[in-house]
Amino acid sequence: MRFLALLRSAGRRTDSVRQASRHLSALPPWTDYHYGEVSSKFGKESITTGSRDMKKGFDEYGFVILRKVLTHQELAHVKQALEGNGAILKESLVVDDGSGRESRMCLWNHPGSDVTGMVGRSEKVAGTMQKLLGGEVYHYHTKLMMKEAFTGGAFVWHQDYGYWYQNGCLYPDMGTAFIAIDKCDEENGCMQVIPGSNKIGRIDHYRVAGQTGADEERVEAVKERLGEIYVDLDPGDCLFFHSLLLHKSNQNNSPKRRWAFLSAYNRSSNDPIKDHHHPRYTPLEKVPDSAILECQNFSDMTGKDFMDPSRDKTSSGRKTS
């Protein structure tokens, strides 16, 4: 039986995270924030670099939600960069879910100097992740995930570190900022997470339904112990989550598309021990948040290094043409 989780954190929204297991009665404090409210409470510096209480929630449960990371103006600016001239969309890959559905994905290794790069380099995204992970980070990759109406595919339960461990990353000191471009809810395949699963360590990953997924028997045991939740996000909201957090998303069976912008980061101290299809340590030049709107580069993708699926052995993606 699903029911509304009781959120006691600053800027709580009781309609935003629904419970999916009877083993959970409520979410703890410090996992769900509104950018403006937390900024006024803790001060701008705290919100742009991650407050102590946000880090507490991140360390304990593997995620925190920051509402309205992108303003309406910034979101419109980013959507123009993503949709306007096709410079990014022409690099799309198709990812099959093994059940007759598919999603599209664009993935690039370096942020670049366009509008999307300003988001991945901004203080309120990269700077917050740096505080949550506890040290200098660099940009590991960014991807645009596209689940179109009625056709978007599912992604099985997995830990990102289940993949990234194979890339030579010795420690799970890594995380992702998932920014909703469209509203993400249960109907169109929003993220589902298992709070606290970041503490169980790396689970073995195998081929599951045509994808690389976590051991299904172990996942079921973890769900029974910890429960799972659906994470609803409005456009501009951001879910910051740890690389060990178990997560998945269902198919999009709704008339609404579900696009999301995900920037992944690695601690500089966790420089991979081998070359692979994502960058080894590359210093990240962060920019002030104002750079997102100030940037007028919507077409020059120089240096972004878009993903070639032939180089990524953990991905089932294929070129669209």
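Cut-offs and rules
Residues numbered from 1 in each chain as written. Predicted model: local features only at pLDDT ≥ 70, side-chain atom pairs only at ≥ 80, totals over all residues. Heavy atoms only, no water. Helix = DSSP H or I, 4+ residues; strand = E, 2+ residues; numbered from the N terminus. Buried < 20%, exposed > 50% of the residue type's maximum accessible area, 1.4 Å probe, protein only. Contact = heavy atoms within 4.5 Å. Areas by Shrake-Rupley, 256 points an atom, 1.4 Å probe, with all protein chains shown as cover. Phe/Tyr/Trp six-rings, centres within 6.5 Å; stacked < 30°, edge-to-face > 60°. Lys NZ or Arg CZ within 6 Å of the ring centre and 35° of its normal. pLDDT = per-residue confidence, 0-100. 1 Å grid on protein atoms, 1.4 Å probe; cavity = no way out; pocket = protein on both sides within 12 Å on 5 of 7 lines; lining within 4 Å. Points joined across faces, edges and corners; volume = space filled by probe spheres on them. Nonpolar A, V, L, I, M, F, W, Y, C, P; charged D, E, K, R; others polar. Core = buried A, V, L, I, M, F, W, Y, C linked by side-chain atoms within 4.5 Å. Expected span 1.5 Å × (residues − 1). Arc of directions from axis to C-beta.

Focus on the overall build of the protein
Next up, step 1: Secondary structure assignment for the protein yields nine helices and 16 strands.
Next up, step 2: Expressed as a percentage of its 321 residues, the buried residues of the protein come to 58%.
Next up, step 3: Expressed as a percentage of contacts within the protein between residues at least 6 apart in sequence, the contacts between residues at least 24 apart total 82%.
Next up, step 4: Split by element, the accessible area of the protein, about 13000 Å² in all, is 49% carbon and sulfur.

Considerations on the packing of aromatic side chains
Next up, step 1: Inspection of the entire model under this criterion finds six aromatic pairs.
Next up, step 2: For the ring pair Tyr-138 and Tyr-281, a centre distance of 5.6 Å and an interplane angle of 80° mean the geometry is edge-to-face. Here Tyr-281 lies in the loop between β15 (258-267) and α9 (291-294) and Tyr-138 lies in strand β6 (residues 137-147), a separation of 143 residues in the sequence.
Next up, step 3: Residue classification places Tyr-138 among the buried residues on the basis of a relative accessible area of 0%.
Next up, step 4: Through successive ring pairs, a cluster of aromatic residues spans Tyr-138, Tyr-140, Trp-164 and Tyr-281.
Next up, step 5: When the ring centre of Tyr-165 is taken as reference, the NZ or CZ atom of Arg-202 above it lies at 3.6 Å.
Next up, step 6: Here the basic side chain of Arg-257 rests over the ring of Trp-259, its NZ or CZ set 3.8 Å away from the ring centre.

Points about the confidence of the model for the protein
Any region with low pLDDT has predicted coordinates that should not be read closely.
Next up, step 1: Within the protein, residue pLDDT values average 86, and 82% of them lie at 70 or more.
Next up, step 2: Throughout residues 1-15 the model reports pLDDT below 50, and contacts reaching past four residues in sequence, or to other chains, amount to 47 contacts.
Next up, step 3: Per-residue pLDDT stays below 50 along residues 20-25; that stretch engages in 18 contacts with residues further than four places along the chain or on separate chains.

Overview of the layout of surface pockets
Next up, step 1: Estimated volume of the largest pocket: approximately 220 Å³.
Next up, step 2: The wall of the largest pocket is formed by 18 residues, among which Val-156, Trp-157, Val-208, Glu-216 and Lys-248 lie closest to the centre.
Next up, step 3: Elements supplying a minimum of two residues to the lining of the largest pocket: β7 (155-158), β11 (211-214), α8 (216-226) and β14 (247-249).
Next up, step 4: No other element matches the four residues that α8 contributes to the lining of the largest pocket.
Next up, step 5: Classifying every residue of the lining of the largest pocket gives eight nonpolar, five polar and five charged.

Points about the nonpolar core
Side chains of nonpolar character tend, in soluble globular proteins, to be buried together.
Next up, step 1: Of all hydrophobic cores here, the largest spans 43 residues; its most connected members are Val-78 and Phe-240.
Next up, step 2: With five residues, the single largest contributor to this core is helix α6 (residues 123-133).
Next up, step 3: Excluding anything up to four places from it in sequence, Phe-240 contacts Phe-58, Gly-62, Phe-63, Val-64, Leu-66, Lys-124, Val-125, Thr-128, Met-129, Leu-132, Thr-176 and Ala-177.
Next up, step 4: Counting 24 residues, the second largest nonpolar core, distinct from the first, contains Cys-184, Cys-190, Leu-262 and Met-307.

Quick notes on helix α4 (residues 72-83)
Next up, step 1: In a regular helix each residue adds 1.5 Å, so twelve residues correspond to 16 Å; α4 covers 16 Å between its end C-alpha atoms and thus fits that length.
Next up, step 2: Among all positions in α4, only Glu-74, Leu-75, His-77, Val-78, Ala-81 and Leu-82 are buried. All buried residues of α4 lie within an arc of 160° about the axis, which places them on one face of the element. Looking at α4, the residues exposed on the side facing more than 90 degrees away from the buried face are His-72 and Gln-73.

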